[in-house]
Amino acid sequence: MIDRAVIYGLGPAAGRQPLTGDAPPALAEIGGRSLLDHALDRLAAQGVGRALLSVHHHRAPIAAGLARRTGGPRTELLAEPEALGAAAALAAAARALDGAPFYAIAADQVWFDGFLPALARLARKWDPRRMEALILLHPTARAIGEAGRGDFFLDPAGHARPRTGTEIAALASCGVAVLDGRLFAGPSDGDAGRDAIFAGAARRRTLFAIVHDGEWCRRPDAQAIAALEVAIGYRPVRAAKAESLLPRGRSPADACAAFAAMPPRRRPFRLGLLRIVR
């Protein structure tokens with residue numbers, strides 16, 4: 001059982017100040033709870049007992065947010081003497097956890113589970129004999145907000161490979177993974193170090209991934225938060241009247257009569273904005 005976690009990326013991010021003011025992006029709220037609370041809630045539901053938070057900027061508001069929480073997991077602030085990139089922050093946390101496998105969660109992203117909890121799916125798939133990293137990926141076509149050019153390719157056996165150069169990948173990193181301490185055996189520095197670490201694991205064939213089946217958003221802005229709240233039911237959507245879906249000038253009676261006059265195999269059925277002809 002994986003019972004430890006690291007949450008990183010709690011510092012400031014460019015372009016987030018209009019949404020969170022002076023607070024860190026991880027304190028932006030979706031459905032009345034911050035991104036940080038959502039992550040900790042999912043860790044608690046998975047039975048994680050200890051979570052390290054790698055913090056340099058905004059220690060006071062992060063600590064205040066943690067003080068308002070009730071229930072698990074037990075959280076510890078891992079104070080960074082200077083602002084670290086993702087790889088260096090994860091390497092420092094891995095040393096503090098004595099190299100044991102742990103969940104790694106980026107604080108500026110948020111995910112909502114599909115049919116099964118994503119953390120449980122990762123734990124079930126995790127095999128330390130074959131894996132140094134197991135990451136959660138999301139199809140860019142279904143992402144809410146900006147997913148960029150994607151991050152990874154995935155083969156049928158579950159091996160992942162980071163995209164390089166001008167490649168466009170169909171899968172984006174959700175910022176959720178299981179990592180082994182072996183992954184950080186060498187020195188690393190900044191985000192380029194993280195990319196190099198994953199690329200090295202891919203060459204060793206120890207980088208694996210699964211595809212997320214729920215909702216996900218990277219660095220959500222106000223528009224993305226509204227879309228997420230609608231998608232997961234936090235925000236109601238006013239239903240349109242049936243008449244508004246009809247062609248202009250047609251009454252419901254006219255539409256029903258025309259539908260009944262069609263041969264059964266040519267009757268159209270509407271699903272959202274798509275028309276499927278049987």
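Everything numeric here is computed off the predicted structure, so don't read it as measured data.

Novice: I'm lost on the overall build of the protein chain in this one. Help?
Specialist: When you go through the protein chain residue by residue, the secondary structure sums to 8 helices and 15 strands. Burial analysis of the protein chain (278 residues in total) assigns 42% to the buried set. Within the protein chain, contacts between residues at least 6 apart in sequence are counted, and of these 72% link residues at least 24 apart. As displayed, the protein chain has an accessible area near 14,800 Å², and 55% of this comes from carbon and sulfur atoms.

Novice: In this structure, what is going on with the packing of aromatic side chains? I would like to understand it.
Specialist: Two descriptors summarise a pair of aromatic rings, namely the distance from one centre to the other and the angle between the planes of the rings. Counted according to the given criterion, the structure contains 1 aromatic pair. Ring geometry for F152 against F198: centres 6.2 Å apart, planes inclined by 75°, an arrangement best described as edge-to-face. With F152 in strand β9 (residues 152-154) and F198 in helix α6 (residues 190-203), this residue pair connects regions lying 46 residues apart in the sequence. Comparing F152 with F198 shows no difference in burial state: the two are buried. Looking at R42, its charged tip hangs above the ring of W111, at a distance of 5.5 Å from the centre.

Novice: What am I meant to see in the side chain of H212 here?
Specialist: Tracing the backbone shows H212 in the loop between β12 (207-211) and β13 (215-218). Within polar-contact distance, the side chain of H212 engages the backbone oxygen of F112 at 3.1 Å. At 3.4 Å, the side chain of H212 forms a polar contact with the backbone nitrogen of G214. Once residues within four sequence positions are removed from consideration, H212 is found in contact with W111, F112, D113, G114, A118, R121, L136, L137, H138, P139, R142 and C174.

Novice: Even after reading the chapter, I still don't get helix α2 (residues 35-45), so can you show me in this structure?
Specialist: Since there are 3.6 residues in each turn of an α-helix, residues three or four apart along the chain are aligned in direction. With respect to burial, α2 is a largely interior element, 8 of its 11 residues being buried. Three or more residues of α2 are buried, namely L35, L36, D37, H38, A39, L40, R42 and L43. Following α2 by one or two positions, G47 has its phi on the positive side, about 90°.

Novice: Which parts of the structure should I look at to understand helix α4 (residues 86-96)?
Specialist: For α4, the tally of buried residues reaches 8 of 11 residues, placing the bulk of the element in the interior. Among the residues of α4, those classed as buried are A86, A87, A88, A89, L90, A91, A93 and A94. Where α4 ends, the next residue or the one after it, D98, has phi of about 60°, a positive value.

Novice: Would you mind going over the confidence of the model for the protein chain with me for this structure?
Specialist: Atom-level detail of predicted coordinates should not be read off regions where pLDDT is low. Across the protein chain, the average pLDDT comes to 81, with 75% of residues at or above 70. For residues 14-18, every residue scores under 50 in pLDDT, and the model assigns this stretch 6 contacts once sequence neighbours within four places are set aside.

What counts as what
- Sequence order as written defines the numbering, with residues in each chain counted from 1.
- Note on the predicted model: pLDDT of at least 70 is required for a residue's local features to be given, and 80 or more for side-chain atom pairs to be given and counted; whole-chain, interface and lining totals, by contrast, use all residues.
- Calculation of side-chain values draws on the structure's entire complement of heavy atoms; hydrogens and water are dropped beforehand.
- Each helix corresponds to a stretch of at least 4 residues labelled H or I by DSSP, and each strand to a stretch of at least 2 residues labelled E; elements are numbered beginning at the N terminus.
- Between buried and exposed lies partly exposed: a residue is buried under 20% and exposed over 50% of the maximum accessible area for its type, with that area taken using a 1.4 Å probe on protein chains only.
- The contact definition used throughout considers only heavy atoms, calling two residues in contact when any of these lie within 4.5 Å.
- Per-residue and other accessible areas follow the Shrake-Rupley method at a 1.4 Å probe size, with only the shown protein chains counted as cover for residues.
- Side-chain rings of Phe, Tyr and Trp (the six-membered ring for Trp) are treated as a pair once their centres are within 6.5 Å; stacked means planes under 30 degrees apart, edge-to-face means over 60, and tilted covers the remaining angles.
- Either the NZ atom of lysine or the CZ atom of arginine qualifies as a charge over a ring when it sits within 6 Å of the ring centre and within 35 degrees of the ring normal.
- Polar contact is defined as a pair of N or O atoms within 3.5 Å, subject to the rule that within protein one atom must be able to donate a hydrogen and the other to accept it, and that residues adjacent in sequence are counted only when both atoms are side-chain atoms.
- pLDDT gives the predictor's per-residue confidence on a scale running from 0 to 100.

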